[in-house]
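Structural overview
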Amino acid sequence: MLDLSRRQFIGSLSALGAVGATPGMAFSAVRKTIKAAAAESAAALSTLEKAAAAFGNPLRLPGTSGLYGVLPASEFREVHVVRTEIEVLPGRRTPYLAYAVESGGKKFLNPALLARRGDEMRVRLINELDEPTVIHWHGLDIDARNDGNGTAVVQPGKSLDYAFQLRDRASMYWYHPHAHGFIAKQAYHGLASLLFIDDDEEAALRRELDLALGETEIPLVLQDRQFDAQGRLRYAPTASDLAAGWVGERLLVNLTEKPYLQAGRRIVRFRILNGSNARTYRLAFLQDGRKLGFFLAGTDGGLLATPQHIDQSFLSPGQRLDVLVNLREANEEQAVTLASLAFDPMHAEGHGAHEAGAMEGMTGMDHSQMVMPAAPMTGMTMDGDAHALLRIDVKASLAYNRKIPAVLSALPAAVAPKGAPRRMKLALDAKGHWTINGWTFDPKAVPVTVKRGAAETWLIENARSSMPHPMHLHGFKFRVLERLGSPAQVRTLAGAKGLLAQDRGLIDTVHVWPGESVRIALDFSHPYAGDQDYVFHCHNLEHEEAGMMIRYAVKG
């Protein structure tokens, strides 16, 4: 960990920006420090493994009821948004927001939903909070009325009925709040869970590898949180936090701090969601001071055509990875560590947070919660720090001779639409607002219109004086065609056209680094009558809340 608090770091950027420092000079000392922290060696990786060796909490897994209990989507009929308490830190009760459901005499909080492609979802959402909320079905190709993009919300004491068909490929999707001004806070305090959609290709992979959800197929929700002395979640973003994104110093996997999991010497599948507000992870599996290679099987929108062998991957907020780890390649009776390796988060490119502008840009946020500390808070971790996340204890098991199929799905190759691309420029304006083409969110404005059935190329261009932005599109998934101007830490992981392994899939969120341009292909075909109204935004939740979002309409 760097000996530099996150707020001290952001504060230094503001000070440097005020005196007109240039990236090549003013940030050189900070950048050298970050690069030194990112240097990899067997000793550095072993340090992460030693940290994981002390982990003593069993990983929370989906059960038959309670928190993350597995529930058929057909039984997810009446959902109450409630305030409750759960045990996150051992021996302490944490106030928490949750989606509460009763079914078959059992009670569920934030249930993990199981469905099959073609199923109908019929859900009544009842808001028992004292503030508006709404569910967004992240990654689903559905009509705007059911998307939950925040143009309509559920007021306290009111309800909303959803009804839609699951038309999407098999994958792990998720659902979370999207009432503007309350998104970041509500998600941080608990409102999020998973939706698994099955189809024939997915079922075939499970049979081929003998996978069972919660046993050899493990969902992993990565989050970072801050707690006070009583074990309550702390969310009080300053202007600097709004500009950079809220990062917690305690790392949780499935709401378990310092977790471990026991697994046999076989192929284990991990379905990984970055459920953090702003933190990005650089994920790798480690053993004996080395990276243990694994196969990327799928991304946001389901299985890849063929598995991709890699030894690490970035994962930004909102993104999902579907990975297969062959623990037969690990040394028996020795742990494997899932870690986030050190990297340059590239926050320095923004020249400071323009704190007053960032504060001014917040819409709907309770400004009384934005308490500026009298002095920088020390002991906080920065985005890009190295962390052990999960220890996997590898145990002897029954003979297992399954092999990963050479072909996973019939996903076609990405095709670039004809015509000039539509440009989406990401930048920080003079007032400190994160913008898309100079726009910040206006709930009454629809600055982008596309035609129903149109195939378009979008060129998402992030300014060099910027931060990374995980850009999420509602209503449709897309394909990545090319990356240009990627930083060195990304280029070293890339193949032809600068594409990362995860760029080979169907995705709904793409991470765009400072100075980088990403070309994506979109097909705006859908079966819904009338015009459809969606949003396009940064999934750094503080950026989204501060205005880095636009509405777009599909006409015709």
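Note that the coordinates shown come from a computational prediction; the quantities given were computed from them, not determined experimentally. (Residues numbered from 1 in each chain as written. Predicted model: local features only at pLDDT ≥ 70, side-chain atom pairs only at ≥ 80, totals over all residues. Heavy atoms only, no water.)

1. Observations regarding the overall build of the protein
When its secondary structure is counted, the protein shows eleven helices and 35 strands. In the protein, which comprises 556 residues, the share counted as buried stands at 61%. Long-range pairs, those at least 24 residues apart, make up 82% of the contacts in the protein with a sequence separation of at least 6. Counting only carbon and sulfur atoms, one obtains 52% of the accessible surface of the protein, whose full area is about 20,500 Å². (Helix = DSSP H or I, 4+ residues; strand = E, 2+ residues; numbered from the N terminus. Buried < 20%, exposed > 50% of the residue type's maximum accessible area, 1.4 Å probe, protein only. Contact = heavy atoms within 4.5 Å. Areas by Shrake-Rupley, 256 points an atom, 1.4 Å probe, with all protein chains shown as cover.)

2. Here's the deal with unusual backbone geometry
With glycine set apart, most residues show a phi of negative sign, and most peptide bonds adopt trans. Even without being a glycine, Asp-210 presents a positive backbone phi close to 55 degrees. Relative accessible area serves as the criterion here: at 41%, Asp-210 is assigned to the partly exposed category. Even without being glycine, Lys-497 reaches a positive phi, approximately 60 degrees. Structurally, the position occupied by Lys-497 is in the loop between helix 10 (488-491) and strand 32 (509-512). Classification of Lys-497 by relative accessible area gives exposed; the value is 54%.

3. With respect to the packing of aromatic side chains
Summed over the entire model, instances satisfying the criterion amount to 21 aromatic pairs. On the numbers, 5.6 Å between centres and 90 degrees between planes, the contact of Trp-137 with Tyr-162 is edge-to-face. Taken as a pair, Trp-137 in strand 9 (residues 135-138) and Tyr-162 in strand 10 (residues 159-165) lie far apart in primary sequence, 25 residues in all. Each member of the pair, Trp-137 as well as Tyr-162, carries the same accessibility label: buried. (Phe/Tyr/Trp six-rings, centres within 6.5 Å; stacked < 30°, edge-to-face > 60°.)

4. Describing the confidence of the model for the protein
Per-residue pLDDT for the protein averages 89, and the proportion of residues at 70 or more is 87%. Confidence drops under a pLDDT of 50 for residues 1-38, and excluding neighbours within four residues, the segment shows 69 contacts in the predicted structure. In the model, residues 352-380 has pLDDT below 50 throughout and makes 77 contacts with residues more than four positions away in sequence or in other chains. (pLDDT = per-residue confidence, 0-100.)

5. Here we look at the sheet that holds strand 29 (residues 455-462)
Taken together, five strands build an open sheet; the order of strands is 27-26-29-33-31 and the sheet is mixed. A single partner strand is all that each edge strand has here, and the edge strands are strand 27 (434-436) and strand 31 (478-484). On average, each strand axis in the sheet is tilted by 20 degrees relative to the strand beside it, whichever way the strands run. (Pairing = 2+ DSSP bridges. Axes fitted to C-alpha atoms, helices over the stretch in contact; angles between N-to-C directions.)

6. Points about the pattern of salt bridges
Inspection of every chain in the model, using the stated rule, returns 30 salt bridges. Linking Glu-202 and Arg-271 is a salt bridge whose minimum nitrogen-to-oxygen distance equals 3.8 Å. Remark: Arg-271 occurs in strand 17 (residues 267-274) and Glu-202 occurs in helix 7 (residues 200-209); sequence separation between them is 69 residues. Residue Arg-271 is classed as buried on the basis of its relative accessible area, which comes to 3%. Arg-206 serves as the salt-bridge partner of Glu-217, at 2.7 Å between the closest nitrogen and oxygen. Highlighted residues: Glu-217 in strand 13 (residues 217-225) and Arg-206 in helix 7, separated in sequence by eleven residues. Here Arg-206 falls in the buried class, since its relative accessible area comes to 19%. One salt-bridge network, in which partners are shared between bridges, spans Asp-198, Glu-202, Arg-206, Glu-217, Arg-269, Arg-271 and Asp-322. (Salt bridge = Lys/Arg side-chain N within 4 Å of Asp/Glu carboxyl O.)

7. Describing the sheet that holds strand 20 (residues 294-299)
The strand order across the open sheet built from seven strands is 15-14-13-17-23-20-21, with neighbouring strands paired in mixed fashion. Since the sheet does not close on itself, it has two edges, and those belong to strand 15 (256-257) and strand 21 (302-310), each with one partner. As paired elements, strand 13 and strand 17 share six bridges and run parallel to each other. Pairing of Ile-218 across the sheet is with Phe-270, part of strand 17. Contacts from helix 7 reach strand 13, strand 17, strand 21 and strand 23 (320-326) within the one sheet, and its direction differs from that of strand 17 by about 140 degrees.

8. Details of helix 7
Taken together, the buried positions of helix 7 are Glu-202, Ala-203, Leu-205, Arg-206 and Leu-209. Projected down its long axis, helix 7 shows its buried positions confined to an angular sector of 160 degrees, all on one face. Turned more than 90 degrees away from the buried face of helix 7 sit Asp-200 and Arg-207, all of them exposed. Elements that come into contact with the buried residues of helix 7 comprise strand 12 (193-198), strand 13, strand 17, strand 21 and strand 23. At the N-terminal boundary of helix 7, the capping side chain belongs to Asp-199, with an oxygen 3.2 Å from the backbone nitrogen of Glu-201. A positive backbone phi angle near 55 degrees is found at Asp-210, which sits one or two residues after helix 7. (Arc of directions from axis to C-beta. Polar contact = N/O pair within 3.5 Å; in protein donor to acceptor, adjacent residues only side chain to side chain.)

9. Here we look at the environment of Asn-462
Looking at the secondary structure, you find Asn-462 in strand 29. Residue classification places Asn-462 among the buried positions, given a relative accessible area of 5%. Among all residues touching Asn-462, those that are not within four sequence positions of it are Leu-426, Met-467, Pro-468, His-469, Val-512, Trp-513, Pro-514, Gly-515 and Glu-516.

10. Some details on the side chain of Arg-391
Structurally, Arg-391 is set in strand 25 (residues 387-395). One polar contact links the side chain of Arg-391 to the main-chain carbonyl oxygen of Ala-52, over a distance of 3.0 Å. For Arg-391, the contacting residues outside a window of four places in its chain are Ala-52, Ala-53, Ala-54, Phe-55, Pro-259, Tyr-260, Leu-261, Ala-335 and Val-336.

11. Comments concerning the nonpolar core
Ranked by internal contacts, the top residues of the largest apolar core, which has 62 residues, are Phe-76, Trp-137, Phe-536 and Tyr-552. Here Phe-76 is in contact with Leu-71, Val-101, Pro-111, Leu-113, Met-121, Arg-122, Val-123, Trp-137 and Tyr-175, once residues within four sequence places are set aside. In this structure, Leu-304, Leu-327, Val-336 and Ala-501 belong to the second largest nonpolar core, which totals 32 residues. (Core = buried A, V, L, I, M, F, W, Y, C linked by side-chain atoms within 4.5 Å.)

12. Topic: the pairing of strand 8 (residues 120-127)
With four bridges connecting them, strand 4 (residues 78-87) and strand 8 associate as parallel partners. Within the sheet, the bridge partner assigned to His-80 lies in strand 8 and is Ile-126. Bridge count between strand 8 and strand 10: seven bridges; the pairing is antiparallel. Within strand 10, the position partnered with Glu-120 by the bridge is Gln-165.

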